[in-house]
Amino acid sequence: MQAQTLFRLKRKSEVPALVAELNVRSMEGGPRDQMDFAQLLAAGGRVEEGLDLAYDILDANRNDPKVALKWIGLGLGQLKRLHEMSDAAIGLGMWTSLASDDGQTREFMVVDGPGEPAEKRFGTGHAMAGAAIGHRVGEAFEVEDRIGRTVRWTVQRVRHKYLQAYEDLTENFNIRFPDEDGFFVIRTIGDDIEPFLDLMRRQSERQERVHEVYTKGPLPISVLADFSGGGNVLRFADSLRTQGISIEACEGNLPERDWATHTARDHFGKGIVLDTLTYWAVVGIDGLHVLKDLFGTILLARSTADEIGQLHDDDDVIPGTERSGTGYFHKGQFHFDEFTPERAKQLADAIAKREDAMQADCKVVPVHAPNDIDPWLLESIRRGVLDPIFVAREHGMLLVTDDKRYRSWAGSLKTPAVWLQSVFLAARQNGRLGVADYARLVAQLALLRHTSITCNAGDIVEVVAQATAETMYTIDAIAEAIGVEKADILSHYQVATEAITRLLQTGPTPNAEYAIGHLMRNLLRHRTTDRRQILAGLKRTLSYRNGGRALFDRWKNARTTDEPPRLEGSRAERLPKPKSGNPSRTNAAVKARARKDQRRAFGKR
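Because the structure is predicted, anything quoted here is derived from the model rather than measured.

Q: Would you explain the sheet that holds strand S13 (residues 398–400) in this entry?
A: Two orientations exist for strands paired in a sheet by backbone hydrogen bonds: parallel and antiparallel. Reading across the sheet, the 5 strands line up as S12-S9-S8-S13-S14 and stay open at both edges, with parallel pairing between neighbours. Every interior strand has two partners, whereas the edge strands, strand S12 (363–365) and strand S14 (417–418), have only one. Bridging between S13 and S14 involves 2 bridges; their strand directions are parallel. What sits directly across from leucine 399, in S14, is alanine 417. Contacting strand S8 (272–274), strand S9 (298–301) and S12, helix H15 (residues 302–310) runs over the sheet at an angle of about 70° to S9.

Here it is in structure tokens:
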């Protein structure tokens, strides 16, 4: 539907003109489709018609949880208006609550015609409804029954039928539809928010268990996204980054990298397929044009376009709310990540950027599952998870994905796959990507926490040269590639010392000093038994350069001691045992001071 497309593209100002001449009641489709159209009407300025249409659909489909959820969404966006409509006297379409002087209560809605008394819908000819019409909250009136008794009634509350339906659903949704997700009620007493915090804690702990499954298991992000409760790959990937967990794009060894670069070169000019995670990333780092130049055709599965479109549900701040955001529990503390209007605009702009690139540089295609795929797999895995693999296989193209587990799944389904940095590296080796552009793209991937990042000394020096006062974070990102826990320490030491030497050649600039400090710190962060040797080597390397020794001494005195870093768990068991009789190791006060300095310099990140 064109109106829905405009809505997703944030071109809401064009929606009223598009729907202005439509006959709302002539629109065809199921209840859920009509609810979608009602929401578009409201967004396009025809709020009264949208609410009226949606209410009629809700009233006719009371047992459809999806229709109920759509009404809740519409009502939440128009909540201020619903309250304004409820600030009125009793009349047609209004629910009222009454209390009598002798302790009776009544609740009903006034409707045209005879009404449905059993459903608490009283027509205007009903004695009580007729007497109540025109009265507001706090006013009283009298009703005489058929046997001559007069009862005085006071109006306790008046609500428009739209607000009543919204409040009724938000109060009872979980009771009526216990198996449905999408809306939950948390009950509290007074100012006690412990039930809310308890739910937040349990949900966050569940999310952390899913994160642990990712770091220790074979399941791709797209599979685990469903288990996290969000069902969206991009939201799940962001939740990993928020907790300091990297997106594992590859193992980082030479045979793997050589195979990937050769495979990428073999597919130059033959087209590629991107999965959702990788498409979002490559557009964000302004690298899609590189893929377009290398491969020509870029295909996306229809589910990728849909998944990006789903993010529009997140990019609006609900009018009338004081603050919105995400609460979560992590490492014993509660946190609130506020979703400000500025962030909402950033997200909307990011989505628009991907959707524009999708139209300009990519082709979105339907998906057909191969005949030899196990039906059980299709039934067990969330719809759309395997679509990029199926598209690549059907069109005989290379799959590019920055999820190494997904790439492994692709290989098991006879589909070759590589990751983004391997493609950029193949392009640089082939002379089709310049040194500066390559370094920029690699730094941006590192900034997205896509690992393992491969870099040489030249890449580091180039990133440092490109960094400005506003983009110093790119130096942090590229330095994170050095000294990772599974590093070939000799190779990382050689890259780091060569980069340090080159950075000092023209005299230490502020950027260079900043980068050198990070490189040395990261090179040592996971080292235990060989830490002193590495420090000695770094000291020798810097001492040969003008100003280098002074820089090393300043860094060492500010950030570290000669003791190994404080570690926990299995790595702590491999630390050298203290020698008996050594006062500096047996004196508790000395050790305490050493641990404090170590945590400051090499504390767990």
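Q: I'm lost on the packing of helix H3 (residues 31–43) against helix H5 (residues 65–77) in this one. Help?
A: The description of two helices packed together rests on the angle between their axes and the distance between the axes. Orientation of H3 relative to H5, taken along the N-to-C sense of each, is 5°, at an axis distance of 9 Å. Comparing their axes, H5 and H3 come out roughly parallel. Taking contact as the criterion, the partners of Pro31, Arg32, Met35, Asp36, Gln39 and Ala42 in H3 are, on H5, Lys66, Val67, Lys70, Trp71 and Leu74. Residues of the contact of H3 with H5, tallied by class, amount to 6 nonpolar, 1 polar and 4 charged.

Q: I would appreciate a short explanation of the sheet that holds strand S1 (residues 94–100) in the present structure.
A: Strands sit in the order S3-S4-S2-S1-S6-S5 across an open sheet of 6 strands; the sheet is mixed. With one partner strand each, in any of the chains shown, strand S3 (115–116) and strand S5 (140–144) form the two edges of the open sheet. Summarising the sheet, strand S2 (residues 105–111) and strand S4 (residues 121–123) pair through 3 bridges and their orientation is parallel. Paired with valine 111 across the strands is glycine 123, a residue of S4. Set on the sheet, helix H6 (residues 79–86) makes contact with S1 and strand S6 (150–160); between it and S6 the angle comes to about 155°.

Q: Quick question: what am I supposed to make of the environment of serine 408 here?
A: Summarising the element assignment, serine 408 is placed in helix H19 (residues 404–412). The spatial distance from the C-alpha of serine 408 to the C-alpha of valine 418 is 9.9 Å, given a sequence separation of 10 residues.

Q: Help me understand the confidence of the model for the protein chain in this model?
A: For any part of a model where pLDDT is low, the fine detail of the predicted coordinates should not be relied upon. Mean pLDDT over the protein chain stands at 84; residues scoring 70 or higher make up 84%. Segment residues 560–605 is flagged for pLDDT under 50; beyond a separation of four residues in sequence, or across chains, it makes 54 contacts in the model.

Q: Would you mind going over helix H22 (residues 457–466) with me for this structure?
A: For an α-helix, the turn length of 3.6 residues means that residues three or four places apart are oriented alike. The buried fraction of H22 amounts to 7 of the 10 residues, a majority that puts the element mostly inside the structure. For H22, the complete set of buried residues consists of Ala457, Gly458, Asp459, Ile460, Val461, Val463 and Val464. Its buried side turned inward, H22 meets helix H20 (420–429), helix H21 (435–447), helix H23 (473–479), helix H24 (489–504) and helix H25 (510–524). Sitting at the head of H22, asparagine 456 places a side-chain oxygen 3.0 Å from the backbone nitrogen of glycine 458.

Q: Hey, could you run me through unusual backbone geometry in this one?
A: The phi angle of most residues is negative, glycine excepted, and most peptide bonds adopt the trans form. In this structure, serine 452 follows threonine 451 across a cis peptide bond, with omega equal to -5°. Along the chain, serine 452 falls in the loop between strand S15 (450–451) and H22. For lysine 120, which is not glycine, the phi dihedral falls at a positive 60°. The topology assignment puts lysine 120 in the loop between S3 and S4. Its relative accessible area of 42% is what places lysine 120 among the partly exposed residues. Phi at aspartate 286 is positive, roughly 60°, even though this residue is not glycine. Note that aspartate 286 resides in the loop between helix H13 (276–284) and helix H14 (288–295).

Q: Sorry if this is basic, but what is going on with the packing of helix H4 (residues 47–60) against helix H8 (residues 161–176) here?
A: As a packed pair, H4 and H8 sit with axes 11 Å apart at the nearest point and diverge in direction by 50°. The angle between the axes of H4 and H8 places the two elements in the oblique class. The two elements H4 and H8 cross, and the hand of that crossing is left-handed. Residues Glu48, Leu51, Asp52, Tyr55 and Leu58 of H4 lie in contact with H8, whose contacting residues are Lys161, Tyr162, Ala165 and Leu169.

Q: Got a minute to help me understand the pattern of salt bridges in this structure?
A: A pair can form between side chains of opposite charge whenever their charged atoms are brought close. Applying the stated rule across the entire model yields 35 salt bridges. Between glutamate 498 and arginine 502 there is a salt bridge whose closest N-O contact spans 3.9 Å. Placement of both glutamate 498 and arginine 502 in helix H24 is noted, with a separation of 4 residues, approximately one turn of the helix. Residue classification places glutamate 498 among the partly exposed residues on the basis of a relative accessible area of 42%.

Q: Would you mind going over the nonpolar core with me for this structure?
A: Buried together is how nonpolar side chains tend to be arranged in soluble globular proteins. In this structure, Leu274, Tyr279, Leu288, Leu291, Phe424 and Ile460 are the most contacted members of the largest nonpolar core, which totals 85 residues. Apart from residues no more than four positions distant in its own chain, tyrosine 279 is found in contact with Leu274, Leu288, Leu300, Ile308, Arg354, Ala357, Met358 and Cys362.

Q: Teacher, can you tell me more about the pairing of S2 here?
A: Along any regular strand the residues' side chains alternate between the sheet's two faces. The pairing of S1 with S2 spans 5 bridges and is classified as antiparallel. If you follow alanine 99 over to S2, its bridge partner there is threonine 105. Counting the residues that bridge the hairpin from S1 to S2 gives 4 residues, and of these glycine 103 lies at a positive phi of roughly 90°.

Q: Quick question: what am I supposed to make of the environment of threonine 471 here?
A: With respect to the helices, strands and loops of the structure, threonine 471 is situated in the loop between H22 and H23. There is a polar contact of 2.8 Å between the side chain of threonine 471 and the backbone nitrogen of threonine 468.

Q: Would you mind going over the packing of aromatic side chains with me for this structure?
A: Any two aromatic rings considered together are summarised by their centre-to-centre distance and by the angle between their planes. Considering all chains together, one arrives at 7 aromatic pairs under this definition. Ring centres 5.1 Å apart and planes at 55° place the aromatic pair phenylalanine 173 and phenylalanine 177 in the tilted group. The class for phenylalanine 177 is buried, based on a relative accessible area of 9%. With a centroid separation of 5.9 Å and an interplanar angle of 45°, the aromatic rings of phenylalanine 552 and tryptophan 555 are classed as tilted. Remark: tryptophan 555 and phenylalanine 552 occur in helix H27 (residues 548–559); sequence separation between them is 3 residues, near one turn of the helix. Of the residues examined, phenylalanine 552 reaches a relative accessible area of 2% and is grouped as buried. Owing to a relative accessible area of 7%, tryptophan 555 belongs among the buried residues under this scheme. Linked through ring pairs, Tyr55, Trp71 and Tyr162 together constitute an aromatic cluster. Taking the ring centre of tryptophan 280 as reference, the NZ or CZ of arginine 354 above it sits at 3.9 Å.

Conventions we followed
Residues numbered from 1 in each chain as written. Predicted model: local features only at pLDDT ≥ 70, side-chain atom pairs only at ≥ 80, totals over all residues. Heavy atoms only, no water. Pairing = 2+ DSSP bridges. Helix = DSSP H or I, 4+ residues; strand = E, 2+ residues; numbered from the N terminus. Contact = heavy atoms within 4.5 Å. Axes fitted to C-alpha atoms, helices over the stretch in contact; angles between N-to-C directions. Parallel < 35°, antiparallel > 145°, perpendicular 65-115°, else oblique. Nonpolar A, V, L, I, M, F, W, Y, C, P; charged D, E, K, R; others polar. pLDDT = per-residue confidence, 0-100. Buried < 20%, exposed > 50% of the residue type's maximum accessible area, 1.4 Å probe, protein only. Polar contact = N/O pair within 3.5 Å; in protein donor to acceptor, adjacent residues only side chain to side chain. Left-handed = near helix turned anticlockwise from the far one by under 90°. Salt bridge = Lys/Arg side-chain N within 4 Å of Asp/Glu carboxyl O. Core = buried A, V, L, I, M, F, W, Y, C linked by side-chain atoms within 4.5 Å. Phe/Tyr/Trp six-rings, centres within 6.5 Å; stacked < 30°, edge-to-face > 60°. Lys NZ or Arg CZ within 6 Å of the ring centre and 35° of its normal.

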